[in-house]
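Working through the structure, step by step
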Amino acid sequence: GAVVSQHPSWVICKSGTSVKIECRSLDFQATTMFWYRQFPKQSLMLMATSNEGSKATYEQGVEKDKFLINHASLTLSTLTVTSAHPEDSSFYICSARMTGTKNIQYFGAGTRLSVL
Amino acid sequence: RKEVEQDPGPFNVPEGATVAFNCTYSNSASQSFFWYRQDCRKEPKLLMSVYSSGNEDGRFTAQLNRASQYISLLIRDSKLSDSATYLCVVNIILRSQGNLIFGKGTKLSVKP
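Residues numbered from 1 in each chain as written. Chains lettered and ligands numbered in written order. Predicted model: local features only at pLDDT ≥ 70, side-chain atom pairs only at ≥ 80, totals over all residues. Heavy atoms only, no water.

Within the secondary structure, R41 of chain B sits in the loop between β4 (30-38) and β5 (44-50). With relative accessibility at 56%, the residue R41 of chain B sits in the exposed group. Taking the C-alpha atoms as reference points, R41 of chain B and L108 of chain B, separated by 67 residues in sequence, lie 15 Å from one another. Not counting the four nearest positions on each side in its chain, R41 of chain B is found in contact with F91 and R112 of chain A. (Helix = DSSP H or I, 4+ residues; strand = E, 2+ residues; numbered from the N terminus. Buried < 20%, exposed > 50% of the residue type's maximum accessible area, 1.4 Å probe, protein only. Contact = heavy atoms within 4.5 Å.)

Next comes the structure, spelled out in structure tokens:
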């Protein structure tokens, strides 16, 4: 099946620093990638939709200036958590949608962010 | 009302048991439906799509009732490796692009 690589898998950082997470589709081109966040015992919540070559679409309540998304190529999207704070600690997961697969999304392995 | 609702469980069953999970969704514009499996601290993985006619994949059977806005997953002959959280997911075409809506999941624990 399609492979989506997400890096890093685990990050521990100090409050106030910025963290960049990469999401790559390894064997297919993804015009659309998605960024989710999951708190313990909660469902995945969509943060934003990333389209190659255009600005990301953010869900209500997600600060675009805090969660910077760049989708510069058909195989790479990045999420930067700027000035991270302890409340940003969560499991961040990206996914990529392969064109023509009837909305099936392939997920990266996730990044566990812990902000001290 | 939440868009996708599931019984969180946990469902504790012995090996070999048959177990069924249910899910309801609130948006009648939902177009496609899926069951995903998520292991602890891992990403969700697609288990199967769900069709109105019902579909089966080995020990797993999924059913969709559009009139009742209800989805089910049946697991027969449970294995220890089936222990995971099962996520009911709906795709709503009318939402702007990012359109997969996840339930909180139902936790299954299969015991020897």
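Residues and elements named next belong to chain B. The strand order β1-β3-β8-β7-β6 describes an open sheet built from five strands, whose pairing is antiparallel. Here the strands that pair on one side only, and so sit at the sheet edges, are β1 (4-6) and β6 (55-57). For this sheet, the mean angle separating the axes of adjacent strands, direction not counted, is 20°. Where β6 lies against strand β7 (residues 60-65), three bridges are found, and the strand directions are antiparallel. Residue pairing across strands places E56 opposite T61, the latter belonging to β7. (Pairing = 2+ DSSP bridges. Axes fitted to C-alpha atoms, helices over the stretch in contact; angles between N-to-C directions.)

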